[in-house]
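Analysis of the macromolecular model
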Amino acid sequence: MLAARCDGHRWRLSEGGQAAGERGTTPMTMGPVTSKSDEQVPTVEEATATPAGVPAKAIEGRSLSQIAWTRLKRDKVALVGAGFIVFLVLVAVFAPLINKVWGHPVNEFHQDKIDPLLGGIPPVGTWGGVSSDFLLGVQPVTGRDLFSQIIYGAQVSLLVALSATIVAVTLGVVLGIVSGYFGGAIDSAISRLMDLILAFPYLLFSIALISVVPASTGWRVGVVIAVIAFFSWPYIGRIVRGQTLSLREREFVEAARSIGAGPGRILFRELLPNLVAPILVYATLIIPTNILFEAALSFLGVGVLPPTPSWGRLLSDAVQYYEYDPMYMFVPGFAIFLMVLAFNLFGDGLRDALDPKANR
């Protein structure tokens, strides 16, 4: 009769229910039975050890810009907006070359492309005169190439919007950071100035001011840029002031003061780098607003002077023809829509990418 007993973790079989070896019999070993507590757990060094022949990889941290770029790359909608913005900039920069290949001289009349019997509009059924020679049709009455007007109008819109944004951001950042850091009477004076400008009827003021400017294209464009920038800077000034109020009591500012740093260094070497993210986001969001502002001024007849192309003035001219030539209104309107949409999509994506609290 065989009997089994447990000797530690080893089972032994013997005859007659006695332990193996007590009567000289050879025990039969069935092998060890181990539990989880008996398994050998690898140490941290063994778990992280690099196999022989494989070079070890250093662990590198990522900067805030790298994290933001990684987030932005995941946002396909924002990348589409950024791609379209780049496309518009290239079109504006290379407008003369593009127009030479696919368009016609911007102020060249083509009377043979319009029908005098219909009041000077393109022939019925031609979609505003669209053809292989005139990709977007022609203007009523003059017969000028609408494609040329659109690509040269992109130059004006981007020039005015970007220049006004640069001036507005510069003024807003400087006055906002000074107001938020120094406080007191300086903060009160700058804040009241912002409130006054924001409460002002800027459209009426712009019309009145630009109307008295000498009839020169250079003067008119410069004044339009100045007026748009003047009424735009308080928005970013308020944002920068609010951020500065929360940053001026932080430890790194106190540390800079303790080692004798002056106000100039604290403002532009300590505080300004921490304000780059909101400044960039707001700059991308204010550009489409400035594009619409310029288009509105041109629509009202106080923007850039003819014959300089302008999308807003094209819309204004199309009002009297939209029933008979809707293509003439659709083309510049759709161009403004796409440009504004692209900047808004990219601005939203950039805001999400630069948000340190975003879980993306």
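Residues numbered from 1 in each chain as written. Predicted model: local features only at pLDDT ≥ 70, side-chain atom pairs only at ≥ 80, totals over all residues. Heavy atoms only, no water.

If you tally the helices and strands in the protein, you get 13 helices and 3 strands. Counting across all 360 residues of the protein, residues that qualify as buried make up 39%. Residue pairs at least 24 apart in sequence account for 67% of intrachain contacts in the protein once pairs closer than 6 positions are excluded. (Helix = DSSP H or I, 4+ residues; strand = E, 2+ residues; numbered from the N terminus. Buried < 20%, exposed > 50% of the residue type's maximum accessible area, 1.4 Å probe, protein only. Contact = heavy atoms within 4.5 Å.)

Another aspect to go through is the confidence of the model for the protein. Of all residues in the protein, 80% attain a pLDDT of 70 or more, and the chain-wide mean is 81. Note on residues 8–38: pLDDT under 50 across the span, and 40 contacts to partners over four residues away in sequence or across chains. (pLDDT = per-residue confidence, 0-100.)

Turning to the pattern of salt bridges, a few remarks are in order. Scanning the model with the defined rule gives 7 salt bridges in all. Residue R238 pairs with D195 through a salt bridge whose shortest N-O separation is 2.4 Å. Linking R238 in helix α8 (residues 217–247) with D195 in helix α6 (residues 184–199), this pair joins segments that are 43 residues apart in sequence. Residue classification places R238 among the partly exposed positions, given a relative accessible area of 46%. (Salt bridge = Lys/Arg side-chain N within 4 Å of Asp/Glu carboxyl O.)

Tracing the chain through its elements places D145 in the loop between α4 (95–102) and α5 (146–182). Of the side chains with opposite charge, R144 comes closest to the buried, unpaired D145, at an N-O distance of 9.9 Å. Only 3.2 Å separates the side chain of D145 from the backbone nitrogen of H104, close enough to count as a polar contact. Here the side chain of D145 touches S148 through a polar contact of 3.0 Å, side chain to side chain. Contacts of D145, omitting those with residues within four sequence positions, involve G103, H104, F134 and G137. (Lys, Arg positive; Asp, Glu negative; His and termini not counted. Polar contact = N/O pair within 3.5 Å; in protein donor to acceptor, adjacent residues only side chain to side chain.)

For the structure shown, the criterion picks out 11 aromatic pairs. When the ring of F230 is compared with that of F231, the centres are 5.1 Å apart and the planes differ by 80 degrees; the resulting orientation is edge-to-face. Residue F230 is classed as partly exposed on the basis of its relative accessible area, which comes to 37%. F231 gets classed as buried once you look at its relative accessible area, which sits at 7%. Considering the side-chain rings of Y321 and Y328, the 6.5 Å spacing of their centres and the 55 degrees angle between planes classify their relative orientation as tilted. Within the aromatic cluster, the residues linked to one another by ring pairs are F200, Y202, F205, F230, F231 and F293. (Phe/Tyr/Trp six-rings, centres within 6.5 Å; stacked < 30°, edge-to-face > 60°.)

Over its 18 residues, helix α3 (residues 76–93) runs 26 Å from end to end, which matches the ideal 26 Å to within 8%, given 1.5 Å per residue. Those residues of α3 lying buried are A78, G81, A82, I85, L88, V91 and A92. Its side-chain oxygen placed 3.3 Å from the backbone nitrogen of V77, D75 serves as the N-cap of α3. (Expected span 1.5 Å × (residues − 1).)

This part is about the nonpolar core. Ranked by internal contacts, the top residues of the largest apolar core, which has 32 residues, are I291, W311, M339 and F343. Elements with a contribution of two residues or more to this core: α3, α5, α11 (276–299), α12 (311–318) and α13 (326–354). In terms of residue count, α13 provides more of this core than any other element does, 11 residues in total. Excluding residues that lie within four positions of it along the chain, W311 makes contacts with Q149, I150, G153, A154, S157, P332, A335, I336 and M339. (Core = buried A, V, L, I, M, F, W, Y, C linked by side-chain atoms within 4.5 Å.)

With respect to the helices, strands and loops of the structure, S191 is situated in helix α6. Put simply, S191 and G176 are 15 residues apart on the chain and 8.7 Å apart in space, counted from C-alpha to C-alpha. Discounting chain neighbours no more than four positions away, the residues touching S191 are S179 and R241.

Bringing the packing of α3 against α13 into the picture now. Following both chains from N to C, one finds α3 and α13 inclined at 135 degrees, their axes separated by 7 Å at the closest point. The orientation of α3 relative to α13 falls into the category oblique. Between α3 and α13 lies a crossing of left-handed hand. In this structure, α3 contributes V77, A78, G81, A82, F84, I85 and L88 to the contact, and α13 contributes L338, M339, A342, F343, L345, F346 and G349. Looking at the contact of α3 with α13, its residues break down into 12 nonpolar, 2 polar and no charged. (Axes fitted to C-alpha atoms, helices over the stretch in contact; angles between N-to-C directions. Parallel < 35°, antiparallel > 145°, perpendicular 65-115°, else oblique. Left-handed = near helix turned anticlockwise from the far one by under 90°. Nonpolar A, V, L, I, M, F, W, Y, C, P; charged D, E, K, R; others polar.)

A word on the side chain of N99. Tracing the backbone shows N99 in helix α4. If we ignore the near neighbours within four places in the chain, the residues touching N99 are H104, P105, V106, S148, I151 and Y152.

This brings us to a nonpolar patch on the surface. A cluster of nonpolar side chains, V86, V89, L90, V93, F94, L97, V101, W102 and L135, forms an exposed patch at the surface whose accessible area comes to about 850 Å². Mapped onto the nonpolar patch, the elements with two or more residues apiece are α3 and α4. For the nonpolar patch, the leading source of residues is α3, giving 4 residues. (Patch = residues over 30% accessible without salt bridge, like charges linked within 9 Å, V, L, I, M, F, W, Y side chains within 5 Å. Areas by Shrake-Rupley, 256 points an atom, 1.4 Å probe, with all protein chains shown as cover.)

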